[in-house]
Amino acid sequence: MATIPKTPDELLIMREAGRINARAHQAMREAVQPGISTGELDRIAADVLRKHGATAAFLGYPPGGPYPFPATITASVNNELVHGIPSPDRILKEGDIISLDCGTVFNGYVGDSAFTMGVGPISDEAQRLLDVTETALKIGIDKARAGTHTRDISRTIQRYIEGQGYSVVREYTGHGVGRTMHEDPQVPNWWPPGRPRRGWHSERLQPGVTFALEPMVNMGHPATEVLDDHWTVVTLDGALCAHFEHTIAIVPDGPPLILTAL
Ligand code: MG
Ligand code: MG
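Residues numbered from 1 in each chain as written. Chains lettered and ligands numbered in written order. Predicted model: local features only at pLDDT ≥ 70, side-chain atom pairs only at ≥ 80, totals over all residues. Heavy atoms only, no water.

Draft legend 1. Examining the sheet that holds strand 13 (residues 241–243) more closely. The strand order across the open sheet formed by three strands is 6-10-13, and the pairing between neighbours is antiparallel. Two strands lie at the open edges of the sheet, namely strand 6 (167–168) and strand 13, each paired on one side alone. The sheet contact formed by strand 6 and strand 10 (residues 216–218) spans two bridges and is antiparallel. Residue Ser167 lies in a different strand from strand 10, and its bridge partner there is Asn218. Taken strand by strand, helix 3 (residues 124–143) contacts strand 10 and strand 13, and its axis lies near 35° from that of strand 13. (Pairing = 2+ DSSP bridges. Helix = DSSP H or I, 4+ residues; strand = E, 2+ residues; numbered from the N terminus. Contact = heavy atoms within 4.5 Å. Axes fitted to C-alpha atoms, helices over the stretch in contact; angles between N-to-C directions.)

Written out as structure tokens, the structure is:
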């Protein structure tokens, strides 16, 4: 599948999809506190999408798959990295960190973004993990310019995270976003050293290319596994992890447009 740059009209729709997604994030951010359930956060995000005439990109994903995702958001707590299934029984407590990911479909186009935050006061070490992961996303976004190779974004993100003493998750990558949630280009958060490997494709970015960057950072070992619910990804060593994501659009000059900003 080739990377297809978007037209200016398509970018306007994607900006609107991204803004609605950001509003869902904002509503959840304001609601996060000890005692709330991840199921309640899901309901809050679903209400925002409905109010704006948008639908949930995650609900029922992937189409035709054996385990369609059952909710609007993914809610992943502490050692859960991504894809946690929201539940009324999952109650947040003070000191937890929670990663909230949401995808919006508006007029046929997708916005995809995620963030991690503390529930009440959190430890200094957890806060540092959040700060480093958010900064990794910012650094990656700043690198994403017309003419840049995607592998240079990958390397920049990896170098920063590892330089801070954390590890980069290998199994999940940034991805093109448009009419579907996952299209080309793939933009991993790391790049294998040495000669190009089979299956690894880097491309030079052109204006109009839209994709999500989403560094996933583990405090300990990079390895992850998927739980028996077929979705929730956890760190293999049980250590904390964090995830920040924006969908962006490459412009002719300068830093990209952040489509999922408020
Ligand atoms: Mg994504
Ligand atoms: Mg996402």
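Moving on from the model shown.
Draft legend 2. Representation of the coordination of the magnesium ion (ligand 2). Donor atoms from the polypeptide that coordinate the magnesium ion (ligand 2) comprise Asp101 (OD), Asp101 (OD), Asp112 (OD) and Glu245 (OE), at 2.0 to 2.4 Å from the metal. On the primary sequence, the residues serving as donors to the magnesium ion (ligand 2) are separated as D-x10-D-x132-E. The metal-metal distance between the magnesium ion (ligand 2) and the magnesium ion (ligand 1) comes to 3.2 Å, with Asp112 coordinating both. In this pair, Asp101 sits in strand 4 (residues 97–106) while Glu245 sits in the loop between strand 13 and strand 14 (246–249), placing the two residues 144 residues apart along the sequence. As far as the burial class goes, Asp101 and Glu245 line up, both buried. (Donors = N, O, S within 2.8 Å, 3.2 Å for Na, K, Ca; no water. Buried < 20%, exposed > 50% of the residue type's maximum accessible area, 1.4 Å probe, protein only.)

Draft legend 3. Fine view of the coordination of the magnesium ion (ligand 1). Protein ligation of the magnesium ion (ligand 1) involves Asp112 (OD), His175 (NE2), Glu214 (OE) and Glu245 (OE), the donor distances falling in the range 2.1 to 2.2 Å. Within one chain, the residues donating to the magnesium ion (ligand 1) are spaced in sequence as D-x62-H-x38-E-x30-E.

Draft legend 4. Region of interest: the packing of aromatic side chains. Scanning the entire structure with this criterion turns up three aromatic pairs. For the pair Trp190 and Trp200, a centre-to-centre distance of 5.1 Å together with 80° between the ring planes defines the contact as edge-to-face. Placement of Trp190 in the loop between strand 8 (183–187) and strand 9 (210–213) and of Trp200 in the loop between strand 8 and strand 9 is noted, with a sequence separation of 10 residues between them. Between Trp191 and Trp200, the aromatic rings sit 4.9 Å apart at their centres with planes inclined by 85°, giving edge-to-face as the arrangement. A relative accessible area of 10% means that Trp191 is categorised as buried. An aromatic cluster is defined as three or more aromatic residues linked by ring pairs; in this entry it consists of Trp190, Trp191 and Trp200. Above the face of the Phe115 ring, Arg29 is positioned so that its terminal group lies 4.1 Å from the ring centre. Over the ring of Trp190 we find Arg170, and its NZ or CZ is 4.4 Å from the ring centre. (Phe/Tyr/Trp six-rings, centres within 6.5 Å; stacked < 30°, edge-to-face > 60°. Lys NZ or Arg CZ within 6 Å of the ring centre and 35° of its normal.)

Geometry only, nothing functional implied.
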